[in-house]
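Here is what each chain is made of, one letter per residue.
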Amino acid sequence: MSTLAAPYRFSEQFCAGARACVPVAISVAAYGLVWGVLARGAGLSLIEVVMMSGLVFAGSAQFVALDLWTATPSSLPIGPLILAALIVNLRYLLLTATLRPLYPEKGLWRGALSMYLVTDENWAMTVAAMARGGGSVAFLMGGGVLAWISWMSTNLIGYGLGSAIDDPARWGLDFAFTATFLALLLGMWKGRSDLVPWLVAALAAIVTAQFVEGSWHILVGGLAGSLAGALVEVRKHAHHA
Amino acid sequence: MHTTPEAVIAILGMALVTIAVKASGLLLADRLPREGFAAAWLRHIPGAVLAALVAPALITGSPAEAVAALATGGVFILTRNLFAAMAAGVAMVYLIRLLIAG
């Protein structure tokens, strides 16, 4: 396999991975622009935007974080922010596990560090390349670096655009959060098996938000909905078997 | 350029749990379930979290926001474009508020 190949193969594979990810990098850029605008509205400072996008580098988790963020440090919900990032990112367990064949038996800990650059986009492209008999760590990294640059640069552009607007509510921009989350949700629709988990999540969240202050409705709804979805899926398979 | 210790702790914490989850997938690859209840549960989490986030905002919003939510959804389904969908929602809220105020 390519793991034994000479160094020039790395740059070749790296560039191939980056090229394969150009179309998806454009969609990363669109999301990045919106995130940047919303981050400004949520009260993040420029350095906080750079730190979060540079270090966390996970779109869905960063969008959820904006909903929880407060501009006053004393009321910043540190625990819920970290917990939400953990829960939203748990699905990466499944994604990165499928990349195992790209890595050698030994020295997996070094490979673990490279997981930092895995996003939905370069993961999908790499898995597709693996299915065709290609794919490599360098290919994965090439796509990851392109996605990182695309995400960071458009976040900053969006942040700059956001700061050009003094009173967001006057332009209806206070609705930008809800609109963005709604569109993100619709983009996740994969079929009718999503209906039950989404409805359960929505209902549980609405009820929780009525009775409990803060952001608990996100956690309660997210857990209830995802568990309901898993239950329905497992039941269905049992019936077919 | 300013930040606070609270913000730095929150961001570093988020970064740590994110890389920990991503790395664990690779390190535990041979022991993770590929199908069944646990795998299905993990797959359903992001959608459920977003639904939980959106739903309360939608039902507590004003009529203007309800109409704008429909516009957002409609534009997204037609164009599959996040930016266009958000812009449509924002423009709709702006216009309706303008009409009501004027």
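Residues numbered from 1 in each chain as written. Chains lettered and ligands numbered in written order. Predicted model: local features only at pLDDT ≥ 70, side-chain atom pairs only at ≥ 80, totals over all residues. Heavy atoms only, no water.

S.K.: Could you give an account of the environment of Thr 72 of chain A, with specific residues and numbers?
M.R.: All names here are of chain A. Inspection of the secondary structure puts Thr 72 in the loop between helix H4 (59-68) and helix H5 (78-89). Linking Thr 72 and Phe 14, residues 58 residues apart in sequence, is a C-alpha distance of 42 Å. Within the local environment of Thr 72, its side chain forms a polar contact with the side chain of Ser 75, the two groups lying 3.0 Å apart. (Helix = DSSP H or I, 4+ residues; strand = E, 2+ residues; numbered from the N terminus. Polar contact = N/O pair within 3.5 Å; in protein donor to acceptor, adjacent residues only side chain to side chain.)

S.K.: I'd like a description of helix H3 (residues 46-56) of chain A, backed by residues and values.
M.R.: Residues of H3 of chain A that are buried: Glu 48, Val 49, Met 51, Met 52, Ser 53, Gly 54 and Val 56 of chain A. Taken together, the buried residues of H3 of chain A touch helix H2 (22-42), H4 and helix H9 (137-163) of chain A together with helix H1 (5-27) of chain B. Positive backbone phi, at 50 degrees, marks Phe 57 of chain A, one or two positions downstream of H3 of chain A. (Buried < 20%, exposed > 50% of the residue type's maximum accessible area, 1.4 Å probe, protein only. Contact = heavy atoms within 4.5 Å.)

S.K.: So what's going on with the interface of chain B and chain A? Residues and values would help.
M.R.: Counting from both sides, the interface comprises 68 residues of chain B and, opposite them, 87 residues of chain A. By the criterion of area lost to chain A, the three top residues of chain B are Lys 22, Leu 26 and Leu 82 of chain B, representing 11% of everything that side buries. Counting every contact that joins chain B to chain A gives two salt bridges. The salt bridge partner of Asp 174 of chain A is Arg 97 of chain B, with a shortest N-O separation of 3.0 Å. Taken together, chain B and chain A are joined by 10 residue pairs in polar contact (both at pLDDT 80 or more). Among the elements of the structure, H1, helix H2 (37-60), helix H3 (63-79) and helix H4 (82-101) of chain B are those that each provide at least two residues to the side of chain B that touches chain A. (Buried area = accessible area lost by both parts, 1.4 Å probe. Salt bridge = Lys/Arg side-chain N within 4 Å of Asp/Glu carboxyl O.)

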